[in-house]
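# Fold and contact review
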Amino acid sequence: MLYNEPSPLETKVLTRRFELQNSASIDTYLASDGYKAFMKAVAMTPDAIIGEVKTSNLRGRGGAGFPTGMKWSFVPKQSDKPKYIVVNADESEPGTCKDRILMENDPHQLIEGILIAGLAVGSHLGYVYIRGEYRYLIDLFEVAIAEAYAKGWLGKNINGTGFDFDLVAHSGAGAYECGEESALLESLEGKRGVPRIRPPFPAVAGLYQSPTVLNNVETFCAVPAIILNGGQWFADLGTPRNGGTRMFCLSGHINKPGVYELPMGFNLTRMIYEVGGGIPGNKKLKAVIPGGSSCPVLTAAECQDLPMDYDSVAKIKSMLGSGGVVIMDETTDMVRAMLRIMKFYQHESCGWCIPCREGTTWLRKMLGRVDEGVGVNSDIDLMYEVAKNMLGRTFCPLGDAAAMPTLSFIEKFRGEFEAKLSAVVPGSFEEQSRLVQLV
Amino acid sequence: MTFSPELEQRISKLIGSYPAGRQRSALIPMLMYCQDEVGCVSEELIQECAARLGLSRLQVDEVIGYYSMLHKKPIGKHHVQVCTNISCLLVGGEELMAHAKKKLVLGHKETSADGVFSLEEVECMGACSWAPAIQIGYEFHHNVTPQVFDKLIDDIALVHRKVQ
């Protein structure tokens, strides 16, 4: 089911079947080039498959943007241990709701992408780790898996090719941290989802310490089209080094919020005003979070005609992340917004690394008192320092994910933080007594 | 412990889904599916899962403590979860949560005396483009206004009154 009207400006690659009747059924899938890419891949060598994915410039859609073909090539060709394919469907980055749509409307595209990855690295077993909140999706996906088994597209000797592959839908139980690859693997092994130290990376020692390909749902979904139409075709849809289309989730202050598939490098101003129909009440744009709440916030000026691809967004020191574009109009209370984001990270910090566990807690406390107007002026610099000291000092990127927005909110909207404290004169008796109380 | 035949089938399929010797992998989905039938992760259920997967009681218990969807105490038959994270916040998520508290006369993580409703303010549930969003049990409701919320709650309450 589609939850928003598609836009005429979309380039439909991953979503091309969404408007067909019963788009999730295997019959619809087979009638619209379904599993053709897999059959084409069977005739290719593993190196040729990986080569095609490399040519496509497909980069990880979960947030990090690592080149997918390269990730696959790190899996050792010879291995005494079985190799695994793991799909990250633990979508929980605030602002992101695309994997849900992909799995709900075209689950077989994902299954086919997984099968091709299996061919490329020599794996015969895959797990799709779906967040527990998406129970309806687990049930839908299990139907799709059953259909694929029934029609011979999963199981032993798939469609007479001699290739075996089994696929399992695995439920999470509510933990943002399990979207991080190493924590996801711990969770998939039936443990607390705490991150592992790397190296070794999952490609060498992942699930059960065996070689594992781990990618986001959207990444796998792009693979059938790449094999079918060629890596170059996919690469040409985007910008140099940023191949293809991606699912952008527009949310916040926007007239037509929704998930839209747009080419990499799509102009952010057009995304907001043409695809998204502009800001309600014709209010002015204040800020945009370009790729989920972990990404540094952009000011309206920075957003002007910004090409939305990994490299262009990285150039202005933010990230394309998971594609969650959160739009904030001129009325937005930036301290409030930052406080809510920090509440999230504090809640979700797994507690494994001290800089993250303590840092998120202190940042939340300080943001809370600044927001309530009972902070002290030194809080702003202290928050900045705490966040800076979290960066790069944790096993997994959750610490960074909490620190980066904090730094950017303070750098770019410091005036709003100061305004909340303006009633307190620096060095005054009032400030001193508050400091004493806070200690 | 005895489960329904459907759940038994799901559990045995689940345990068979992981390589030999890796049955611990089944733990988290197993707890989720069992919790749905039992109502919460009771001490009896902890012991049962531990026995079935060859784990110690502690190995099961430490997992339960980590995951926010696993509850040791019963929650309401209809667990109302209101998202107030950034996308929902911007379009009235906090106001909706305040409204929900009033409507249900419940606070965050509280369950009604009759066990019909419980309320929880939750983190991002993956419905950002259709915010504000809530989940009642596993069911998503998008673009929820206070009026829509009242209707959803009243409809559930009506059914319960009829049953009684």
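In this text the structure is predicted, and so the values were computed from the model without any measurement.

About the cut-offs
Residues numbered from 1 in each chain as written. Chains lettered and ligands numbered in written order. Predicted model: local features only at pLDDT ≥ 70, side-chain atom pairs only at ≥ 80, totals over all residues. Helix = DSSP H or I, 4+ residues; strand = E, 2+ residues; numbered from the N terminus. Rg over C-alpha atoms; globule rule 2.2 N^0.38 Å. Buried ≥ 20, exposed ≤ 12 C-beta atoms within 10 Å, placed from the backbone. Contact = placed C-beta atoms within 7 Å. pLDDT = per-residue confidence, 0-100. Pairing = 2+ DSSP bridges. Axes fitted to C-alpha atoms, helices over the stretch in contact; angles between N-to-C directions. Domains from an automatic or database assignment.

With that out of the way, let us pick up the overall build of chain A. Assigned secondary structure in chain A consists of 19 helices and 11 strands. Computed over the C-alpha atoms, the radius of gyration of chain A is 23 Å, within 12% of the 22 Å expected from 2.2 N^0.38 for a compact globule of 439 residues. Along the first, second and third principal axes, the C-alpha set of chain A runs to 80 × 50 × 35 Å. The buried share among the 439 residues of chain A stands at 56%. Excluding contacts between residues fewer than 6 apart, the proportion of contacts in chain A whose partners are at least 24 apart in sequence is 71%.

In the predicted model, chain B carries a mean pLDDT of 96, and 99% of its residues have values of at least 70. For this predicted complex, the interface confidence score (ipTM) comes to 0.97, while the overall pTM stands at 0.96.

So, on to the sheet that holds strand 3 (residues 166-171) of chain A. All names here are of chain A. Spatially, 3-2-1-4 is the arrangement adopted by the four strands of the open sheet, whose pairing is parallel. Of all the strands in the sheet, the pair left with one neighbour each is strand 3 and strand 4 (212-216). Going from strand to strand, the sheet's axes swing by 20 degrees on average, the running direction of each strand aside. As paired strands, strand 1 (residues 84-89) and strand 2 (residues 125-130) are joined by six bridges and run parallel to one another. For alanine 89, the partnering residue across the bridge sits in strand 2 and is isoleucine 130.

Along its sequence, chain B is organised into domain 1 (5-66) and domain 2 (78-163). Computed from C-alpha atoms alone, the centre-to-centre distance between domain 1 of chain B and domain 2 of chain B is 29 Å.

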